[in-house]
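Descriptive analysis of the structure
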Amino acid sequence: MARKKTTRSATAANRTGELGTVLQFHAYERIRHLFLFLFAVDAACKLVNAEANTSYKGGTMVQEAATHQVDSGLRESDQIKDVFDDDDSNVVKLQSSAFNRIDAAHFCNLGLKSVPWSNLTSAAEGLKEDNAVELMEYAEIFTGNTMWLPQRVNIGPDRIVDQQHYALAKKFLDDGNPIFSKARLRAYNSAAKNAMNDYKVKALSAKKYGIAACCDSYLSVYSDSQVDNYYRWIGENIYSECSARKMKPEDYLGG
């Protein structure tokens, strides 16, 4: 599926602040978007299968690269905006929107495979209720959502998270367990923490202290002490979607 790009709304708000703080927000939103995306894909498959007697599986729907994207970032002269300094640990204290090369960085960054997704869409549109179609629309929103980040972060530490998202998505969609649970949050934290720590070590070895400082912002979010909070916040989203559609929350929410 070719990437479907949507132009940024002229009235859209842009989150800014110190880069380190914004990266913490982004890291959490990446967790939330991944699980809501996986829920939407998983639930759409289950709804279609239950009514149409089909056997669609979420894992066959997902690809590693994003297929949807809102916004396209920003490019400015380095005479107007700051140039990201890999070597300066204080780079995380600059405003996140102050850099000359800004990307629209995905939260989820997973995509939807064209043929199976199209087939699922056709099947969903043939059902009596619109629940599956609406959930598929949500999945496309979650895969396309972005926020502004310095390009150097988007192609650096953030790409490490991209890689973990795909590996986790394939595992979570294919193992038959409820798509969201505290155990899965801990698995996310462990995978993301290990990968980010490895990346940070390489950055420090190369004396890229600015990159290492960005890694620290991500790492501060991957804390098991926050699992209960993350489970409550994200779980409430999933529970509400299930309740609104008369779906069983226990099919999607584990302990």
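Residues numbered from 1 in each chain as written. Predicted model: local features only at pLDDT ≥ 70, side-chain atom pairs only at ≥ 80, totals over all residues. Heavy atoms only, no water.

Before going further, it helps to spend a moment on the packing of helix 1 (residues 19-52) against helix 6 (residues 182-205). One can describe the packing of helix 1 onto helix 6 by two numbers: an axis separation of 12 Å at closest approach and a directional angle of 130°. Taken together, the axes of helix 1 and helix 6 are oblique relative to one another. Judged by the sense of rotation from one axis to the other, the crossing of helix 1 with helix 6 is right-handed. Of helix 6, the residues touching helix 1 (which contributes Arg30, Ile31, Leu34 and Phe35) are Arg184, Leu185, Tyr188 and Asn189. Per-class residue counts for the contact of helix 1 with helix 6 are five nonpolar, one polar and two charged. (Axes fitted to C-alpha atoms, helices over the stretch in contact; angles between N-to-C directions. Helix = DSSP H or I, 4+ residues; strand = E, 2+ residues; numbered from the N terminus. Parallel < 35°, antiparallel > 145°, perpendicular 65-115°, else oblique. Left-handed = near helix turned anticlockwise from the far one by under 90°. Contact = heavy atoms within 4.5 Å. Nonpolar A, V, L, I, M, F, W, Y, C, P; charged D, E, K, R; others polar.)

Tallied over the entire structure, the rule returns ten aromatic pairs. Geometrically, the ring pair formed by Phe35 and Phe180 is edge-to-face, given 5.0 Å between the ring centres and 65° between the ring planes. Here Phe180 lies in the loop between helix 5 (157-174) and helix 6 and Phe35 lies in helix 1, a separation of 145 residues in the sequence. No difference in accessibility class separates Phe35 from Phe180, as the two residues are buried. Geometrically, the ring pair formed by Phe84 and Phe99 is tilted, given 5.5 Å between the ring centres and 45° between the ring planes. Taken together, the positions of Phe84 in the loop between strand 4 (74-75) and strand 5 (101-106) and Phe99 in the loop between strand 4 and strand 5 put the pair 15 residues apart, joining distant regions of the chain. One exposure class covers both Phe84 and Phe99, and it is buried. By the ring-pair criterion, three or more aromatic residues cluster together here, those being Phe35, Phe172, Phe180, Tyr188, Tyr222 and Tyr231. The ring of Tyr231 is capped by Lys182, whose NZ or CZ atom sits 5.5 Å from the centre of that ring. (Phe/Tyr/Trp six-rings, centres within 6.5 Å; stacked < 30°, edge-to-face > 60°. Buried < 20%, exposed > 50% of the residue type's maximum accessible area, 1.4 Å probe, protein only. Lys NZ or Arg CZ within 6 Å of the ring centre and 35° of its normal.)

In this section: the pattern of salt bridges. For the coordinates displayed, the defined rule picks out eleven salt bridges. In this structure, the salt-bridge partner of Arg184 is Asp175, at a minimum N-O distance of 2.3 Å. Given the relative accessible area of 5%, Arg184 is considered buried. Accessibility expressed as a relative area gives 35% for Asp175, which makes it partly exposed. A salt bridge links Asp228 to Lys182, with the nearest nitrogen and oxygen atoms 3.1 Å apart. Of this pair, Asp228 sits in helix 8 (residues 227-244) while Lys182 sits in helix 6, placing them 46 residues apart in sequence. Using a relative accessible area of 46% as the deciding quantity, one classes Asp228 as partly exposed. Among the charged side chains, a salt-bridge network with shared partners connects Arg30, Asp158 and Asp162. (Salt bridge = Lys/Arg side-chain N within 4 Å of Asp/Glu carboxyl O.)

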